Amino acid sequence: MRKIWLGVLVASFALPATAHDFWVQPDPFWVAAGRPASVSLWVGHGVNRELWDADIAKVTILRSVGPNGTTNQQGSIRQGGVGRMTFTTPGTHVITLETGHTPSELPSIRFNDYVETEGLTLIRAQRQRSRQSDAPGREIYSRRAKALIRVGAGPGSEAPYVTQPMGLRLELVPVQNPYTAAAGQPLGFQVLYEGRPLPGALVKLVNLAADERPVATRISDRRGNVSFSIPRSGDWQLNVVWGEPLSGNPAADFDTTFSSLTFGFDAPPAS
């Protein structure tokens, strides 16, 4: 019996604290105008990476913003996390997704590890102040995700909406369009929370071809800004998490939001 419980304990430590990574992934990120593009939802990383198979009804917003405005994409991704979207206008399109809240409770050791790994400083401080660091961690969480997809085989063109907020609660906003930035130029991003710059947030850069661990991490400055040197090849994800103490909810102590931004530098599509 001791061996059984020891095995359970070891397994609990082995479970990844960062398996919350969630993102939208077009395949490929550069598609021909008018042709259906595969778009999927993924969660986890490394050996724990899998298609997001939660109730698709949890997706409350799914839309794309392009040169001709906003398109409602609700229903384009099916249960199981896979679907198709068609973009008829050349240029950069921004796919935006939002989910409703889901409750979660973790044992204190795993929750504390998760708080440290994701840089959730407000949650850590509240648990320390209330002397609840040894208590299970109870939260409700929701997800936000954006993907930049390039449409058409022509040269990239400026798209002002790419560098503007999309109104998400937690959002990574490019300072410049990654598809039109000069080669070798560091790419800047601003973290916004409830529409305001968020300082002190941990932002991770992940190569989606080898996503066992981040390639680089940055802490957002007082204006919410971070910068990364990103090769102009491969598929990339940026992710950030932020949580706050929650009052008035008997089932949860914190409200946490996960957000990601993906883009990829594929070869141009066949004409």
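Residues numbered from 1 in each chain as written. Predicted model: local features only at pLDDT ≥ 70, side-chain atom pairs only at ≥ 80, totals over all residues. Heavy atoms only, no water.

Enquirer: Please clarify how the overall build of the protein should be interpreted in this entry.
Expert: When helices and strands are counted, the protein shows three helices and 18 strands. Computed over its C-alpha atoms, the radius of gyration of the protein comes to 19 Å, within 12% of the 18 Å expected for a compact globule of 271 residues. Dimensions of the protein, computed from the C-alpha atoms along their principal axes, are close to 65 × 40 × 35 Å. When the 271 residues of the protein are sorted by exposure, 48% land in the buried category. Across the protein, the fraction of contacts at a sequence separation of at least 24, relative to all contacts at a separation of at least 6, is 68%. Of the side-chain charges in the protein, 26 are positive and 23 negative, and the distance between the mean point of each set is 2 Å. (Helix = DSSP H or I, 4+ residues; strand = E, 2+ residues; numbered from the N terminus. Rg over C-alpha atoms; globule rule 2.2 N^0.38 Å. Buried < 20%, exposed > 50% of the residue type's maximum accessible area, 1.4 Å probe, protein only. Contact = heavy atoms within 4.5 Å. Lys, Arg positive; Asp, Glu negative; His and termini not counted. Charge placed at Lys NZ, Arg CZ, Asp CG, Glu CD.)

Enquirer: Is there a simple way to explain unusual backbone geometry in this structure?
Expert: Most peptide bonds take the trans form, and the phi angle of most residues other than glycine is negative. The peptide bond linking D27 to P28 adopts the cis configuration, its omega dihedral lying at 5°. Here P28 is to be found in the loop between β1 (22-27) and β2 (30-31). Backbone geometry places R131, a non-glycine residue, at a positive phi of 55°. Structurally, R131 can be placed in the loop between α3 (121-129) and β10 (137-151). Residue R131 is classed as exposed on the basis of its relative accessible area of 76%. Of note, the phi angle at E194 is positive, near 50°, even though the residue is not glycine.

Enquirer: I tried to follow the packing of aromatic side chains on my own but got confused; where do I start?
Expert: How two aromatic rings sit relative to each other is set out by the distance from centre to centre and by the angle between their planes. Within this structure, the stated rule accounts for eight aromatic pairs. Seen in terms of ring centroids, Y114 and F258 are 6.5 Å apart; in terms of plane orientation they differ by 20°. Their pairing is stacked. In this pair, Y114 sits in helix α2 (residues 108-118) while F258 sits in strand β18 (residues 254-265), placing the two residues 144 residues apart along the sequence. Judged by centre distance (6.2 Å) and plane angle (15°), the rings of F189 and F263 are stacked. Of this pair, F189 sits in strand β12 (residues 187-193) while F263 sits in strand β18, placing them 74 residues apart in sequence. Residue classification places F189 among the buried positions, given a relative accessible area of 0%. Look at F263 and you get buried, because its relative accessible area is 0%. These aromatic residues form a ring-pair network of at least three members: F111, Y114, Y141, F254 and F258. Above the face of the F258 ring, R143 is positioned so that its terminal group lies 5.8 Å from the ring centre. Of note, R150 hangs over the ring of W30, and the distance from its end group to the ring centre comes to 3.8 Å. (Phe/Tyr/Trp six-rings, centres within 6.5 Å; stacked < 30°, edge-to-face > 60°. Lys NZ or Arg CZ within 6 Å of the ring centre and 35° of its normal.)

Enquirer: Which parts of the structure should I look at to understand the pattern of salt bridges?
Expert: Close approach of charged atoms allows side chains with opposite charge to pair. One pass over the structure, following the stated rule, counts nine salt bridges. Two residues, R169 and E194, come together in a salt bridge whose shortest N-O distance is 3.4 Å. Here R169 is found in the loop between β10 and β11 (170-174), whereas its partner E194 is found in the loop between β12 and β13 (196-197), with 25 residues between them in sequence. Note on R169: relative accessible area 18%, which makes it buried. The class of E194 is partly exposed, set by a relative accessible area of 40%. Between E194 and R196 there is a salt bridge, with the nearest N and O atoms lying 3.7 Å from each other. If you follow the salt bridges from partner to partner, you end up with R169, E194, R196 and D255 in one network. (Salt bridge = Lys/Arg side-chain N within 4 Å of Asp/Glu carboxyl O.)

Enquirer: Could you clarify how one ought to interpret the nonpolar core in this entry?
Expert: Where a protein is soluble and globular, its nonpolar side chains tend to be buried together. F189, V191, V203, F228, I230, L238 and F263 are the most contacted members of the largest nonpolar core, which has 31 residues in total. When residues of this core are traced back to their parent elements, those giving at least two are β11, β12, β14 (202-207), β16 (225-228), β17 (234-245) and β18. Not counting the four nearest positions on each side in its chain, V203 is found in contact with L172, V191, A216, T217, R218, V226, F228, L238, N239 and V240. Residues A37, I77, M85 and A145 belong to the second largest nonpolar core, which totals 19 residues. (Core = buried A, V, L, I, M, F, W, Y, C linked by side-chain atoms within 4.5 Å.)

Enquirer: Whenever I open this one, α2 confuses me. Can you help?
Expert: Because the α-helix completes a turn every 3.6 residues, residues three or four places apart line up on one side. Within α2, the full set of buried residues consists of S108, F111, Y114, V115 and E118. Projection of α2 onto a plane perpendicular to its axis shows the buried side chains occupying an angular sector of 130°, all on one side. Buried residues along α2 sit against β9 (102-106), α3, β10, β14, β17 and β18. G119, located one to two residues past α2, shows a positive phi value of around 70°. (Arc of directions from axis to C-beta.)

Enquirer: So what exactly am I meant to see when it comes to the side chain of T262 here?
Expert: Turning to its location among the elements, T262 is positioned in strand β18. Overall, T262 belongs to the buried group, its relative accessible area being 0%. Each residue touching T262, except ones within four places of it in the same chain, is listed here: W23, V24, F29, K146, A147, L148, L208, W236 and Q237.

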